[in-house]
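Listed here are the chains, written in short residue letters.
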Amino acid sequence: MVATLLHEIPLQGGDVTDGVVRVGDTVRRPASTSTPAVHALLRHLEAAGFEGAPRVMGMDGLGREILTYVPGKTGLRLESVAEGALVELAELVRRYHDATAGFPLTTEGWEGGSNDDKAPEVIGHCDLTPENVVFRDGKPAALIDFDLARPTTRLFDIVTTLRHWAPIADPIDCPPLLRSLDVGARLRLFCDAYGVPPRDRRRLLALARIRFQRSYTVMRTRATTGGNWARMWAGGAGERIRRAAAWLDVHEDELHAHLV
Ligand SMILES: Nc1ncnc2c1ncn2[C@@H]1O[C@H](COP(=O)(O)OP(=O)(O)O)[C@@H](O)[C@H]1O
Ligand SMILES: [Mg+2]
């Protein structure tokens, strides 16, 4: 046991899960209620030939999930805000969604229900932040951290991704790298690369608005459970959502013009 612990390298970057470690070519993560569903999904992706996600290797003696370590870099860097990277991310998300086809869209076993009011179309990742996308050779290569995955619409997952990558946020809350991007042009670039149909482009910003309301409520509730959620809330997560929503109010027409 001591020998095993010595070889555990803590992995940081996420805000949420304590105790994510690398052991050799594997990652060990504490299991959650959605772990069986996530494992079934990852196995489905593997069978479908989708290369952009870790593989499941089972559970270890400490009750942690074992996934393959995906080599590369996570987190915001200059290369991750390049337009080419955004296009490749959209293509990767599209391939991921398409690869979930055939996976049951029942809500049972997942962390929560679909956040969109329309019928689920895919298993969304639902948390595609820069910390959850592995870059290799300057390109997005894999999606990790499926803890919030669930059946939802393609558009809901796209909105969540664009929240972080366009970004749909008040520049005051953004790191300098993201502050002066042409958000409208990036929304369009992503939609073009993914192949978002016109009917979904038209409701994209309305859904972003709904998403802000729902994430605010969900995060406020989660904060009452303590731990990292409470810490994130105390650190201003709710205020950032409110500011992003207010920023969207001011810029919605101008952004919408890029989508129609
Ligand atoms: N399978 C993996 N391959 C490579 N790196 C990983 C893997 N899983 C996690 N990591 C690294 O650890 C960080 C935190 O892990 P993550 O699963 O995202 O936990 P959290 O729930 O805290 O966000 C990630 O941002 C990434 O840098
Ligand atoms: Mg993460």
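Refer to the structure above for everything that follows.
Calculation notes
- Residues numbered from 1 in each chain as written.
- Chains lettered and ligands numbered in written order.
- Predicted model: local features only at pLDDT ≥ 70, side-chain atom pairs only at ≥ 80, totals over all residues.
- Heavy atoms only, no water.
- Salt bridge = Lys/Arg side-chain N within 4 Å of Asp/Glu carboxyl O.
- Helix = DSSP H or I, 4+ residues; strand = E, 2+ residues; numbered from the N terminus.
- Donors = N, O, S within 2.8 Å, 3.2 Å for Na, K, Ca; no water.
- Buried < 20%, exposed > 50% of the residue type's maximum accessible area, 1.4 Å probe, protein only.
- Phe/Tyr/Trp six-rings, centres within 6.5 Å; stacked < 30°, edge-to-face > 60°.
- Axes fitted to C-alpha atoms, helices over the stretch in contact; angles between N-to-C directions.
- Parallel < 35°, antiparallel > 145°, perpendicular 65-115°, else oblique.
- Left-handed = near helix turned anticlockwise from the far one by under 90°.
- Contact = heavy atoms within 4.5 Å.
- Nonpolar A, V, L, I, M, F, W, Y, C, P; charged D, E, K, R; others polar.

Focus on the pattern of salt bridges
Okay, step 1: For the structure on display, the rule yields 21 salt bridges.
Okay, step 2: The shortest N-O distance in the salt bridge between Glu51 and Arg55 comes to 3.7 Å.
Okay, step 3: For the salt bridge of Asp116 with Arg203, the shortest nitrogen-to-oxygen distance reads 2.8 Å. Taken together, the residues span a long stretch of sequence, with Asp116 in the loop between helix H3 (83–99) and strand S6 (122–124) and Arg203 in helix H7 (residues 198–223) at a distance of 87 residues.

Observations concerning the coordination of the magnesium ion (ligand 2)
Okay, step 1: Distances from the magnesium ion (ligand 2) to its protein donors, namely Asn132 (OD1) and Asp145 (OD), fall within the range 2.1 Å. Separated by 13 residues along the polypeptide, Asn132 in the loop between S6 and strand S7 (133–136) and Asp145 in the loop between strand S8 (139–143) and strand S9 (150–152) bring together distant segments of the chain.
Okay, step 2: A residue is classified by how much of its surface remains accessible, and Asn132, at 5% relative accessible area, is buried.

Regarding the packing of aromatic side chains
Okay, step 1: Applying the stated criterion across every chain, the model contains five aromatic pairs.
Okay, step 2: Between the aromatic rings of Tyr216 and Trp233, the centroid separation amounts to 5.1 Å while the plane-to-plane angle is 65 degrees, which identifies the pairing as edge-to-face. On the criterion of sequence distance, the pair formed by Tyr216 in helix H7 and Trp233 in helix H8 (residues 227–234) is long-range, its members being 17 residues apart.
Okay, step 3: Residue classification places Tyr216 among the buried residues on the basis of a relative accessible area of 16%.

Focus: the packing of H3 against helix H4 (residues 154–165)
Okay, step 1: Following both chains from N to C, one finds H3 and H4 inclined at 155 degrees, their axes separated by 11 Å at the closest point. On the basis of the axis angle, H3 is roughly antiparallel to H4. Like other packed secondary-structure pairs, H3 and H4 cross with a definite hand, here right-handed. Mapping the contact onto sequence places Leu86, Leu89, Arg94, Tyr96, His97 and Asp98 in H3 and Arg154, Asp157, Thr161 and Trp165 in H4.
Okay, step 2: When the residues that make up the contact of H3 with H4 are grouped by side-chain class, the tally is four nonpolar, two polar and four charged.

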